[in-house]
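Listed below are the residues making up each chain.
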Amino acid sequence: MNPAASPASRCRRRRLAALAAALSFFFAPELARSATPSCTEPGVGWCLARRIAGFGPQTELGFRFGEPLDVDGDGRPDLAAGARFTGADQLQNGTAAVWSGATGKPIRAWEGTWADGLFGHWVLPVPDISGDGLADLVIAAPHAPVDGRQPGLLVARSPQTGRDLWQRAPDVGQNFGWDLALAGDQNGDRHPDLFVGAPGGETGEVYLLNGADGTVLRTYHPPAPADSFGWYVARLDDVDGDGLPDLAVGAPFAANGAGEHVGAAWMLSSADGKVLHKWEGVDARGGFGGVVAAVPDIDGDHKQDLAIAAPGTEDQARSIPGQVRIVSTATAADGKDLRHWVGTQPGELYGRMVVAPWYRRGAADRVGRVELRSGRTGAVLGELVGDELDCWFGWHVRPAPDPEGHGRPALLISSLRHPVDGKLGVGVLDLYVLRRAPSPQGTMTRGARRSDIK
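All values reported here derive from a predicted model rather than from experimental measurement.

(A) The arrangement of the sheet that holds strand β17 (residues 275–280) in detail. With antiparallel pairing, the four strands of this open sheet are ordered in space as β14-β15-β16-β17. Looking at the sheet topology across the chains shown, the edges are occupied by β14 (232–236) and β17. Each strand axis lies, on average, 15 degrees off the axis of its neighbour in the sheet, ignoring direction.

(B) Structural view of the nonpolar core. Formed by 33 residues in total, the largest nonpolar core has its most connected members in W279, V292, L306, I308 and V324. If you tally residues by element for this core, the top one is strand β19 (residues 305–310), at five residues. With residues near it in sequence (within four places) discarded, V292 still touches Y232, V233, A234, A248, V249, G250, A265, L306, A307 and I308.

(C) Layout of the state of the cysteines. Using the criterion set out here, one finds one disulfide in the structure. In this model C39 forms its disulfide with C47; the gap between the sulfur atoms is 1.9 Å. For the disulfide bridge between C39 and C47, the dihedral angle about the S-S bond is near 90 degrees, and by the sign convention the bridge is right-handed. With relative accessibility at 25%, the residue C39 sits in the partly exposed group.

(D) Quick peek at the pairing of strand β16 (residues 264–268). Where burial is concerned, most of β16 is hidden: five out of the five residues are buried. Neither face of β16 is left uncovered, since the one carrying A264, W266 and L268 and the one carrying A265 and M267 both have all their residues buried. As paired strands, strand β15 (residues 246–251) and β16 are joined by five bridges and run antiparallel to one another. Note that in β16 the partner of L247 across the bridge is L268. Direction of pairing for β16 relative to β17: antiparallel, over a ladder of five bridges. If you follow A265 over to β17, its bridge partner there is W279. With antiparallel pairing between neighbouring strands as the criterion, β16 and β17 make up a hairpin whose turn holds six residues, including G273 at a positive phi of roughly 80 degrees.

(E) View of the sheet that holds strand β4 (residues 95–99). Across the sheet, three strands lie side by side as β3-β4-β5; this open sheet has antiparallel pairing. With one partner strand each, in any of the chains shown, β3 (79–83) and β5 (106–111) form the two edges of the open sheet. Strand-to-strand twist across the sheet, computed as the mean angle between neighbouring axes with direction ignored, equals 15 degrees. Looking at chain direction, β3 and β4 are connected through five bridges and run antiparallel. Bridged to A80 within β4 is V98.

(F) Region of the structure containing the pattern of salt bridges. Summed over the entire model, instances satisfying the criterion amount to 18 salt bridges. Its salt-bridge partner being R285, residue D283 comes within 2.8 Å of it at the nearest N-O pair. A relative accessible area of 27% means that D283 is categorised as partly exposed. Classification of R285 by relative accessible area gives partly exposed; the value is 35%.

Reading guide: rules and limits
- Positions within a chain are numbered from 1, following the residues in the order the chain's sequence is written.
- Reporting in this predicted model follows two pLDDT cut-offs: at least 70 for local features of residues, and 80 or more for side-chain atom pairs to be given and counted; totals over whole chains, interfaces and linings ignore these cut-offs and use all residues.
- Hydrogens and water molecules were not included; the side-chain quantities draw on all heavy atoms of the structure.
- Here, strands pair whenever DSSP counts at least two bridges between them.
- Comment: elements are numbered from the N terminus, with helices defined as DSSP H or I runs of at least four residues and strands as E runs of at least two.
- An axis is simply a line fitted to the C-alpha atoms; with a helix, the fit covers only the stretch in contact. Between two such axes, the angle follows the N-to-C directions and lies from 0 to 180 degrees.
- What we call a nonpolar core is a set of buried Ala, Val, Leu, Ile, Met, Phe, Trp, Tyr and Cys residues that are connected through their side-chain atoms within 4.5 Å.
- Burial classes: relative accessible area under 20% of the type maximum marks a residue as buried, over 50% as exposed, and values in between as partly exposed (1.4 Å probe, protein chains only).
- Contacts are assigned to residue pairs with any non-hydrogen atoms lying within 4.5 Å of each other.
- Working definition: a disulfide is two cysteine sulfur atoms within 2.5 Å of each other.
- Salt bridge, as used here: a side-chain nitrogen of Lys or Arg that lies within 4 Å of a carboxyl oxygen of Asp or Glu.

Keep in mind these values describe shape, not function.
So, in structure tokens, the structure goes:
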């Protein structure tokens, strides 16, 4: 394996540099109180319903995770995530776990068994593949050694029994499982399949896996060599009209025609890998394509649109703000920009998850913030901010079901390096719920009428 070609090696180098830059801020006597009120307190607006603490110092809970699903049969969505690091001066085998959404208590946890495998880098809840009627988990170890190589590995496991359902490593490629996304049912077996990014090596690949058994259904390559292809993947609505969800791929180190590593993103047909559109970055410092994400329909074509971030991850001087472009997925629109947002601070990594995990609050660096915008107008509706310095709040974000089943908006957000009980770099996973103000008595909304009016 060529370490220089490994995205995990790049990430590890950046992580060490970030830690060195933050050493002067390392103090945290106890778990800080959340800046957002608890949902047990009366009020309206965003509240904190659940906080899950990580496994130990420097382990970083919540690098990448999926939307909560019910794994224990109580009808409540449960929270699953991992800490891909084991701790300072140890093999980075990693850990993955799932917690009860009702009580916050652990349901099941696994330690990685592959030396420096980064097990728990991605933990994705998936609809039932074991046949017990409960959700299962797919867990990535993108540095796992297999048969003398280091291609990376995916493991599907049942939280109910703790057993493996399948394991898969690619025959070729590196950093398999660096990113994951549910792909919809691509082969008609009534199980959701998986898009799997493997951005290591000279160019990178994306695989379509059968969700039921992990077999490879299809492999996607860029039309020309593109360093880090598969760094980020996202499922899109059917764009090309063949009845199947399609695929967005990001490659933040891809080069343009002049050889500048400005990054790129592609929209591909899931059926045959045909390129439906390509977008390129303009600044080698931006890391364009470092995140790609489907967003609700903006241009009225009844299809999701696409967010592409250039968060400034390659700007070591932290001199530029991150940016997010929202582009149309309609082929007739030729990928036109629908929105273009720019961060409020240089170096805050705005757009790293269409958020800003290195946002500064006064003298406190890397506090992090999540910006909430209207899908219809793009206007800023509000923001959530991390608790304290070096929390990296907003490192990963996923929508979540309302834990109480009331249909309220909810978000699952990681603070990757939040301190806990004086231990640094532990990380926490927070479930936020938006409580709305009750409608004033006697008022009516369009389409509704009081029962006493005949």
